[in-house]
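A closer look at the structure
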Amino acid sequence: MEDALATIAAAVWTDNWNHVINFKVILLSIVIESFPFLLMSVIVSALLNNFVSENTIRNMIPQSNIRSIFMACFLGILFPVCDCGMVPIVRRLILKGVPLPAAIAFMLAAPIVNPVVSAATAFAFQNNIHVVLLRLGTAFGVALCTGLLLNGFTKGRQLKSPSQIHGHSHGCCQHTLNSHHPGYSPLHRWINTLRDACHEFFEMGKYLVIGAMLGSLSQIAIPREMLLTLGQDSSLSIGVMMVFAFFISVCSAADAFIAASFSSSFTLGSLVAFMVFGPMIDLKNILMLLHTFRTKFVCCLTLIIIMLCSSAAYLINHL
Amino acid sequence: MQPRKRNLRSFNNGACIQSIILLGFIILLLWLDITKQLPLYINPKFIVLTQISYLLLVPMLVIQIIDTLLPTSSVYEQHCHKHSSIGKYTPFFMILLLAFAVPENTLNANLVSSKGLNSQSSAITHSIKDLPRPLAPVFGQMDTIKVTNLNYTEAMCEINNFPNEYAGKKITMTGFVFQIPGLTNNQISLVRYVVMCCTADSLPYGVMCEGIEIQKYPDGTWLSIEGIIQMVTYDGKDAASIKITSLQKIEAPKDPYVYPYN
């Protein structure tokens, strides 16, 4: 009897231990993979802070808001970035005077409308150009519409004030939100760049790590069978895939392969929704968004993107 | 003196903890790189990015150490002492702890069922005619198909999708055992994880195998097999199955994953 119990206990222990190992491997792989992108992003943000003045940026963006939103949607072609590190750059751009709608459109479009992700999607779907075009087109459309909606309905930067970020109001730490200091020597600027980068690395990295933890947990916990039973319903499948994309939080360059693995059992619209919604809003970047922008704004933005993605997917399923 | 002393000490805490974390990450990444463990987490073609990132961490660490030792050199952080609590660094410490405390570093067979076996190959059945088949002419001429790290994905796709073309051919391959519920006593699947970007997006690929008493090998046992491809009916569809002629139990290989399109 005791032997039997011991065997069962050992089996349960081994099983759970195996889950712990898988959790660790997936978590570390997400962290290691996104690490360079986060680092690049905080360094670019810090460089912008210390070396580029507001005027330079203001001169670079088109005068009309609509045109700047349009331009922002295509910037990803020049800067193929991953969604892991977008938030610090976007925050810095807004602080430097880029209008909010254009910055958000850039944040939404750049991780998808870029050559690297297009190539990965083409690979994953075995050169099925139709899927690639649907993905890029939908992402472009969603980013553009979101930008235009924000342009019509929001005012200001919608960033949290420094006091809100830190939960007190004596106004310290404003340094990181300040603009560059023209009087400083180059060496001083480089040192400050590193210091800013480090500060932002710890500020944003925390959320990336927490998001990666929840993402790896859900990879282990969500059974595939449960997803598969819901896959053929034309509207339900879209919701399921969007929720799935939100939780698993994989990179925009890799999620096409996951989507392809579902392509036998899920509708095309839901796969596109998965590949468009995931890079725009997922667990790890919504934590960073919530830290950076006002909560109300993040909720509105998420709702807009959910509405746009699901209606685009619905159209794809029914046309 | 009292307030100044407190200032100094609490300020040191923040920069000091950050230095420790940065050092921890540099050591972790460097260690993974030197011991060649990085391919277990990410596709080898991204290793250069990781190398760049730990090199970039070094100057950041230097600045943090200087700030720890010379608090006056930092104008602004001095005021921030009140919220440099340990709490906001917990996630970083958890990662480092997990990385160093859990020694195993390879995905095991437990994940196959939640990832879904062979989902990719069945995914394309509706457009199977348009499929590019670069390996079809090569395999067609071979008497024995040797499945290697390099051709694994394509080989599995070919064999699983066109069993009728390969029936009767000999095959050699390696993989780990995964027992699908519903298979008979003598059947298992031989599987490997295919990694695109990082291990988080890995998908298990494999093929069905038949052999006497093969189910005695538990999930995750690595086998190197020789066999003959045959066509069977599984789930009402034509499928490939390898009739094992000889098999050898092997140690888990150093490079357990397959990286396609490299």
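Residues numbered from 1 in each chain as written. Chains lettered and ligands numbered in written order. Predicted model: local features only at pLDDT ≥ 70, side-chain atom pairs only at ≥ 80, totals over all residues. Heavy atoms only, no water.

**Quick word on the overall build of chain A**
Of the regular secondary structure elements, chain A holds 15 helices and zero strands. Per-residue burial for chain A yields a buried fraction of 58% across its 319 residues. Counted over contacts in chain A with a minimum sequence separation of 6, partners at least 24 positions apart contribute 85%. Accessible surface computed for chain A: about 12,700 Å², of which carbon and sulfur atoms make up 70%. (Helix = DSSP H or I, 4+ residues; strand = E, 2+ residues; numbered from the N terminus. Buried < 20%, exposed > 50% of the residue type's maximum accessible area, 1.4 Å probe, protein only. Contact = heavy atoms within 4.5 Å. Areas by Shrake-Rupley, 256 points an atom, 1.4 Å probe, with all protein chains shown as cover.)

**Quick notes on the overall build of chain B**
On a plain count of helices and strands, chain B comes out with eight helices and six strands. Its helices and strands in sequence order give chain B the pattern α-α-α-α-α-α-β-α-α-β-β-β-β-β, from N to C terminus. By residue count, 52% of the 262 residues in chain B fall in the buried class. Long-range contacts, defined as pairs at least 24 residues apart, comprise 72% of the intrachain contacts of chain B with a sequence gap of at least 6.

**Focus on empty space enclosed by the protein**
Under the criterion given, the structure shown has seven cavities of 30 Å³ or more. Forming the walls of the largest cavity are 14 residues, and the residues nearest its centre are A:Gln219, A:Arg224, A:Phe244, B:Ser114 and B:Lys115. Of all the secondary structure elements, the ones that give two or more residues to the lining of the largest cavity are α9 (186-221), α10 (224-229), α11 (236-248) and α12 (255-261) of chain A together with α4 (112-115) of chain B. Tallied by class, residues from the lining of the largest cavity come to eight nonpolar, four polar and two charged. (1 Å grid on protein atoms, 1.4 Å probe; cavity = no way out; pocket = protein on both sides within 12 Å on 5 of 7 lines; lining within 4 Å. Points joined across faces, edges and corners; volume = space filled by probe spheres on them. Nonpolar A, V, L, I, M, F, W, Y, C, P; charged D, E, K, R; others polar.)

**Here we look at the UniProt feature "transmembrane region" (unreviewed entry) in chain A**
Taking the UniProt record as the reference, the feature "transmembrane region" (unreviewed entry) is found at residues 25-48, 69-90, 102-125, 132-153, 204-222, 234-250 and 297-316 of chain A. Within the segment residues 204-222 of chain A, helix and strand shares are 95% and 0% respectively, and the terminal C-alpha atoms sit 27 Å apart. (UniProt positions renumbered as here; feature names shortened; annotations may be inferred.)

**Brief notes about the UniProt feature "transmembrane region" (unreviewed entry) in chain B**
Residues given the UniProt feature "transmembrane region" (unreviewed entry) here are residues 12-34 and 46-66 of chain B. With 95% helix and 0% strand, the stretch residues 46-66 of chain B has end C-alpha atoms that lie 32 Å from each other.

**Examining the pattern of salt bridges**
For the structure shown, the criterion picks out six salt bridges over all chains. As a salt-bridge pair, A:Arg195 and B:Asp67 come within 2.9 Å of each other at their nearest N and O atoms. One end of the pair, A:Arg195, is in helix α9; the other, B:Asp67, is in helix α2 (residues 47-69), on a second chain. Overall, A:Arg195 belongs to the buried group, its relative accessible area being 6%. Look at B:Asp67 and you get buried, because its relative accessible area is 1%. Beyond isolated ion pairs, a larger network of salt bridges with shared partners links A:Arg91, A:Arg92, A:Glu200 and A:Glu203. (Salt bridge = Lys/Arg side-chain N within 4 Å of Asp/Glu carboxyl O.)

**A short note on unusual backbone geometry**
Residue and element names in this part refer to chain B. One non-glycine residue with positive phi stands out, namely Lys36, at about 60 degrees. When its relative accessible area of 68% is taken as the criterion, Lys36 is described as exposed. The backbone phi angle of Glu213 is positive, close to 55 degrees, even though this residue is not glycine. In this fold, Glu213 is placed in the loop between β4 (203-210) and β5 (222-234).

**A closer look at α11(A)**
Residues and elements named next belong to chain A. Here α11 contains 13 residues, and its C-alpha end-to-end distance of 18 Å stays within 8% of the 18 Å for a straight helix at 1.5 Å per residue. Turning to α11, the residues buried within the fold contact α9, α10, α12, α13 (268-280), α14 (283-292) and α15 (295-318). Backbone geometry just after α11 places Ser249 at a positive phi near 55 degrees. (Expected span 1.5 Å × (residues − 1).)

**A word on the confidence of the model for chain A**
Overall, the predicted model of chain A reaches an average pLDDT of 83, with 93% of residues at or above 70. Contacts from residues 167-180 of chain A, a stretch scored under 50 in pLDDT, to residues over four places away or in other chains number 33 contacts. (pLDDT = per-residue confidence, 0-100.)

**A closer look at the packing of α14(A) against α15(A)**
Each pair of packed helices can be summarised by the angle the axes make with each other and by the distance between the axes. Residues and elements named next belong to chain A. At a minimum axis distance of 8 Å, the contact between α14 and α15 shows a crossing angle of 140 degrees. Taken together, the axes of α14 and α15 are oblique relative to one another. Considering how the two elements wind past one another, α14 and α15 form a crossing that is right-handed. Of the residues in α15, those in contact with Ile286, Leu289 and Leu290 of α14 are Thr295, Val298, Leu301 and Thr302. (Axes fitted to C-alpha atoms, helices over the stretch in contact; angles between N-to-C directions. Parallel < 35°, antiparallel > 145°, perpendicular 65-115°, else oblique. Left-handed = near helix turned anticlockwise from the far one by under 90°.)

**Brief notes about the environment of B:Phe46**
Here B:Phe46 is to be found in the loop between α1 (2-34) and α2. Once you skip the residues sitting within four places of it in the chain, B:Phe46 turns out to touch A:Glu33, B:Met196 and B:Cys197.

**What to know about the side chain of A:Ser118**
By the secondary structure assignment, A:Ser118 is in helix α6 (residues 115-124). Among all residues touching A:Ser118, those that are not within four sequence positions of it are A:Val132 and A:Leu136.

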